[in-house]
Amino acid sequence: MAFNGHQREDEGIDEDETPTKQPRSEKEMPGCFKTEPHNEASASAGRSTSERRTSNSTMRHRADSVKKTRPPFPWFGMDIGGTLVKLVYFEPKDITAEEEQEEVENLKSIRRYLTSNTAYGKTGIRDVHLELQDLTLCGRTGNLHFIRFPTHDLPAFLQMGRNKHFSSLHTTLCATGGGAYKFESDFRTMADLQLHKLDELDCLIRGVLYIDSVMSSGPSECYYFENPTDPDHCVQKPYTLENPYPLLLVNIGSGVSILAVYSESNYKRVTGTSLGGGTFLGLCCLLTGCSTFEEALEMASQGESTRVDKLVRDIYGGDYERFGLPGWAVASSFGNMMSKEKRESVSKEDLARATLVTITNNIGSITRMCALNENIERVVFVGNFLRVNTLSMKLLAYAMDYWSKGQLKALFLRHEGYFGAVGALLELLHPS
Amino acid sequence: MAEFVRLDSSTSRHTMDKSITLPPDEIFRNLENAKRFAIDIGGSLTKLAYYSTVQHKVAKVRSFDKATKEAASDKLYEISVQEEVTARLHFIKFENAYIETCLDFIKDHLVNTETKVIKATGGGAHKFKELIERKLGLKVDKEDEMTCLIKGCNFVLRNIPHEAFVYAKHADSEFRFQTTQPDIFPYLLVNIGSGVSIVKVESEDKFERIGGSSIGGGTFWGLGALLTKTKRFDELLQLASKGQHTSVDMLVKDIYGGSYGSLGLTGDLIASSFGKSATADKEFSKEDMAKSLLHMISNDIGQLACLYAKLHNLSRVYFGGFFIRGHPVTMHTITYSINFFTKGEVQALFLRHEGYLGAIGAFLKGYITYSRWRLPGSRAMYGCG
C-alpha cells in the first residue's frame, strides 16, 4: 500500500490514496527528494494531487479499510549485524483517549520503557540526537527513535521481549542483517516471535533514500567536509542529495559492502572488503587492551600514527618525485614496527591511531578504485564505523579528494548505521 | 642477525631464488673477472645482485667408428677435459638494520681496483647515498626504482625459463611453471615490498606506476611482531601456516548463520578480519592471529590488484617483492582472491626471483653503461636502453 504523507486533518481520519498494493520499485520508494515537511515514503507526487480530496464519508470508509491494512503497534524495524543490533521504534504521539483506553498494558509498558530511558541494561543506547520528531508514517504522527546494542547481548533483548509478552501483541517483527537469519530460531524459541526476514542491502538503500527525503527541523541529513586537506579550515557543510544517481554507497560495518546505486530500484553490490570496522576494533583491542569502540577512538585521537608507519620519506629521505609520492605519504602501514626499538617507543595511542588510519585509508583506496571502474563521482559513506568518528570521516574526505585530484566527493549521512533498520520498518508499513 | 644465502649457488638454501646463468651473450663473456654488482635498498631489505664466473671442468667424449680403426689398440673413445666458464648472477639480501654488514661484504668480495661506481636503486639509494660513498669509497650511481624493477621483470620473463609460475593448491602439481615467451606485454606488476607498488607495463620502455597500497610486507611484519611478539618475518610465516584464522576472523556464516545466498557469498568467506578479536574474554593464539593477518593482507592486495587490472584491461598479474617467498598460504590466498574478484578472468602469476627484480634491473643498467664503453658499437642488449 502506498500512502501520501499528509498532515492529519482531524482525528481518526486519514487522507490517503487508494490502498492498493503498488510495486515497490515504481511507486514505493521516495524517488523525489522533495522537502515537504513530514513526508514519508511517498508515491509519485502526480498521483497524490488527483486523489487527495474526497468527501468525509468516503474518507472515513477508506480510513477504516486502511486501519485494517495498517499493521498494529508497536512498529519496529530491526537490523542485526555482525557487531551491533540497530533498532528503530516509532512512538505514536497522536494517540486518542479512546485508543489509550483500548491499549493493551504490555504495549503501553514497552512504549514507556523505550521512550523514558536513553540507556537500556548495560549496553543498550538510544541515540537521542538522531530522533526524528513529528514524523508521519502510515497516517500516524509520532517520533522515530534510534536504538542500538551489541549483537552479543541479543539473548538479553530476547529475554526482555519474553518478559514483556511481546509475542502476544501479534505484531510482525521485520528484521534484516545477517542476524535475522542466524537468530531466527532463537527469536522463536526464546521470545515466541516470528521474524519477517529482509535482505540487508534492499533495506539499506530503502532506508537511505527515505531518511534523506524527510525534512526535519534539525540539521541536513547529508553533509560533506569542505577543505578536507586543510585542518584549520575543514568544516562540515550540508549537502542536498538531489538527483543523486548514480551513487556509490559504502556501508562500513563489521565488514564493508560497496554498492552502485543507479535508481531507487536498480542497484548492485560492486564488491566488499573484510577490512572494516570490526577489524579496527578487533586489532585495537589486541594491540592496546581497550574493550570498546569509544575507547579505541579516544586513544586514536590522542596518538600519532607516523611513528608507527613507515612513510615515503623514511625510505627515500624525502619525496619520491617521479611518481608524485609526497614524503608524508604512508609507504608501509605499521612498517616501523619490525624494529624492536621503535616498537618500544610507540604508545598505545599511536597504535590505535595507526590502526584507524590504515583501515580508513584502505577503505578509501578500494572505494576510489570502484568509483573509477563504475564511473561514479559521488560516494556516500554510511555504517556505524563512522559513528562519532570524525577522524575517519575527515580522512576519507581527504583521501577521496587528494588521490582523485578533486574528482570524487565524499558524502556522509547523520543516521550512519541505522538505514537498514529504517528500511525494515518501511517494509513493515509498506510491504513490497 | 643478518640473513645470508650461501655464496655457492648449488648449495643455496633458497632454491627458488637460485643464482641464474646469464645468457651466453658476447657482452657478459668479455667481462671475465670484472666484478659487477648492483644494490637495491628498499624500505626493509637491501638486495644485492652480483656477477661472478663459475669455472668447472667438463668432460667431452669423442667416439670413433670401429670401421675406421687402424689397429686393434686404437682407442674407441677419446676423452678430453676442458675448462668451461659460466657467467652467473648471484643474489643475497640483508635487513636494512644490517646495511653496514652488507656494505662490508661488498667491500670484501665485490669491489676491486677497477670499480669506480656502484649501481644502486630503491629509496635507500637516495637515503643511504652518503653512507655508501663514504664506506666504499665509490660513487653511487642512482637508478630509478620502477625503471629497474621493470627492466628486471622483463628480463627474467623473457630469458629465464620457469621464472614465472601459477600456483594451484589442489592440482596435481602445485606449481605450474611458465615457459619464456617473447610476447609478454602488457601486464600488471604488483611489487609487494614493505609497501605495494602497482605498475602497468605496456612495452619495454613504456610503463607507469598506476597505484599502490600501504598495506604490504611491512604491515605483515610490523603488525605480526606486535601481535605475536615474533620478530622474524620467516617465523611469522611459519606461525601462519599452523594457524586457524576462523577463531579470529568473523566469517559470513558467523553473521548469517550460513551463506548470504542472494549475493553468492558463501559462509566461509571472511566478512570482517579480526572481527572476533574485540571480545575481551579470550586469548588468541599466535598462530591464529598470524594466519588471520596473512589472509587479511593477501586478500587486500589481491583485491586491489583486481581493481587496477579491471580498470586497465589487463589479464595477467605478476607478483614481485619479498612478501610471498613461496609461502603456500600466501600464494593460495592471492590466487583465490584474484579468481574471486575477477571471476577467473585475470591470472595471478608468481616469480621465482620476486624480490630481486630491482637489483637485476640495476645490474643490467650497469652492463649497458659498461658495455657501451668497453665495446663500442655493441648492440643494445635485450632492447633495454
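The name given to chain B in an unreviewed UniProt entry is Pantothenate kinase 4 (inactive), and the organism recorded there is Sparus aurata.

Chain A appears in an unreviewed UniProt entry as pantothenate kinase from Sparus aurata. On record in UniProt, under Pathway (unreviewed entry), the comment for chain A is "Cofactor biosynthesis; coenzyme A biosynthesis; CoA from (R)-pantothenate: step 1/5." Of chain A, the UniProt comment under Catalytic activity (unreviewed entry) reads exactly: "(R)-pantothenate + ATP = (R)-4'-phosphopantothenate + ADP + H(+)".

## A word on the interface of chain B and chain A
Taken together, the contact pairs 60 residues of chain B with 57 residues of chain A. The contact between chain B and chain A buries some 4,600 Å² in all, and 63% of this surface belongs to carbon and sulfur atoms. Looking at the side of chain B facing chain A, the largest losses of area belong to B:Leu226, B:Tyr256 and B:Leu307, adding up to 12% of the total buried there. Our count for the chain B to chain A interface comes out at two salt bridges. The closest approach of N and O atoms between B:Lys310 and A:Glu374, which form a salt bridge, is 3.8 Å. The interface formed by chain B and chain A includes 23 residue pairs in polar contact (both at pLDDT 80 or more). Where the side of chain B that touches chain A is concerned, the elements lending two or more residues are helix H3 (123-127), helix H5 (145-159), strand E11 (207-213), helix H6 (217-228), helix H8 (252-256), strand E13 (270-272) and helix H9 (286-311) of chain B. No other element matches the nine residues that H9(B) contributes to the side of chain B that touches chain A. Of the residues assigned to the side of chain B that touches chain A, the class counts are 28 nonpolar, 23 polar and nine charged.

## Some remarks on the pattern of salt bridges
All names here are of chain B. All told, the structure shown has 31 salt bridges over all chains when counted by the stated rule. Here Glu83 makes a salt bridge to Lys57, at a shortest N to O gap of 2.9 Å. With Glu83 in strand E4 (residues 77-95) and Lys57 in strand E3 (residues 45-63), this pair connects stretches of sequence that are 26 residues apart. Given a relative accessible area of 47%, Glu83 falls into the partly exposed group. Between Lys200 and Glu202 there is a salt bridge; the shortest N-O distance is 4.0 Å. Given the relative accessible area of 34%, Glu202 is considered partly exposed. Each of Lys119, Asp141, Glu143 and Lys365 takes part in one network of salt bridges that share partners.

## Observations regarding the nonpolar core
Within the largest apolar cluster, 97 residues are counted, with the highest numbers of intra-cluster contacts made by A:Phe381, A:Phe412, B:Val190 and B:Phe319. Apart from residues lying up to four places away in sequence, B:Val190 is in contact with B:Val196, B:Ser197, B:Ile198, B:Ile301, B:Ala305, B:Val317, B:Tyr318, B:Phe319 and B:Gly320. Counting residues in hydrophobic clusters, the runner-up holds 75 residues, among them A:Leu135, A:Leu144, A:Leu158 and A:Val422.

## Points about the sheet that holds strand E7 (residues 164-167) of chain B
Residue and element names in this part refer to chain B. Read across the sheet, seven strands follow the order E8-E7-E15-E14-E9-E10-E11 without closing on themselves; strand pairing throughout is mixed. Both outer strands of the open sheet, strand E8 (175-177) and E11, are each paired with one neighbouring strand and no more. Each strand of the sheet is rotated relative to its neighbour by a mean of 30°, with strand direction disregarded. Pairing of E7 with E8, which is carried by three bridges, proceeds in the antiparallel orientation. Considered in E8, the bridge of Val166 is made with Arg176. Against the sheet, H5 touches E7, strand E9 (187-192), strand E10 (196-201), E11, strand E14 (316-320) and strand E15 (347-351), its axis set at about 115° to E9.

## A word on a nonpolar patch on the surface
On the surface, B:Val61, B:Leu76, B:Tyr77, B:Ile79 and B:Val81 cluster together into a nonpolar patch covering about 510 Å² of accessible area. On the basis of relative accessibility, which here comes to 33%, the residue B:Leu76 falls in the partly exposed class.

## Considering the packing of helix H14 (residues 348-374) of chain A against helix H15 (residues 390-403) of chain A
Residues and elements named next belong to chain A. Where H14 contacts H15, the axes come no closer than 9 Å and their chain directions differ by 40°. Accordingly, the angle class assigned to the pair H14 and H15 is oblique. Every pair of crossing elements has a handedness; the one defined by H14 and H15 is right-handed. Touching Arg353, Leu356, Val357, Thr360, Asn361, Gly364, Thr367 and Arg368 of H14 are Leu391, Ser392, Leu395, Leu396, Ala399, Met400 and Trp403, all from H15. Counted by class, the contact of H14 with H15 contains eight nonpolar, five polar and two charged residues.

How each quantity is defined
Note that residues are indexed from 1 along each chain, following the sequence as it is written. Each chain gets a letter, beginning with A, and each ligand a number, beginning with 1, in the order they are written. Only residues with pLDDT of 70 or above have their local features reported here, since the model is predicted, and side-chain atom pairs are shown and tallied only from 80 upward, although totals for entire chains, interfaces and linings are computed over all residues. Excluding hydrogens and water, the side-chain figures rest on all heavy atoms present in the structure. UniProt positions are given in the numbering used here, feature names are shortened, and annotations may be inferred rather than shown by experiment. Contacts: residue pairs with any heavy atoms within 4.5 Å of one another. Accessible surface is computed with a 1.4 Å probe, and the buried area is the amount of it that two parts give up when combined, taken over both parts together. Whenever a carboxyl oxygen of Asp or Glu lies within 4 Å of a side-chain nitrogen of Lys or Arg, that contact is scored as a salt bridge. Each polar contact in these results corresponds to two N or O atoms within 3.5 Å; when the atoms are within protein, one needs to be able to donate a hydrogen and the other to accept it, and residues that are neighboring in sequence are counted only if both atoms are side-chain atoms. Note on conventions: DSSP H or I runs of at least 4 residues are helices, E runs of at least 2 residues are strands, and numbering of each starts at the N terminus. Each residue gets one label: Ala, Val, Leu, Ile, Met, Phe, Trp, Tyr, Cys and Pro are nonpolar, Asp, Glu, Lys and Arg are charged, and the others, such as Gly, are polar. The buried label applies to any residue whose accessible area, calculated with a 1.4 Å probe on protein chains only, is under 20% of its type's maximum; exposed applies above 50%, and partly exposed to all values in between. Take the buried residues of types Ala, Val, Leu, Ile, Met, Phe, Trp, Tyr and Cys, join any two whose side-chain atoms come within 4.5 Å, and each joined set is a nonpolar core. Two strands qualify as a pair provided that DSSP identifies no fewer than 2 bridges between them. Lines are fitted to the C-alpha atoms to define the axes, a helix being fitted only along its stretch in contact, and any angle between axes, read from their N-to-C directions, falls within 0 to 180 degrees. Surface patches are defined over residues having more than 30% relative accessible area and no salt bridge, joining like charges when they lie within 9 Å and nonpolar side chains (Val, Leu, Ile, Met, Phe, Trp, Tyr) when within 5 Å. Values of accessible area rely on a 1.4 Å probe in the Shrake-Rupley scheme; residue burial ignores everything except the protein chains shown. An angle counts as roughly parallel when it lies under 35 degrees, as roughly antiparallel when it exceeds 145, as roughly perpendicular when it falls between 65 and 115, and as oblique in every other case. Crossing handedness is read from the near helix: turned anticlockwise from the far helix by less than a right angle, it gives a left-handed crossing, and turned clockwise, a right-handed one.

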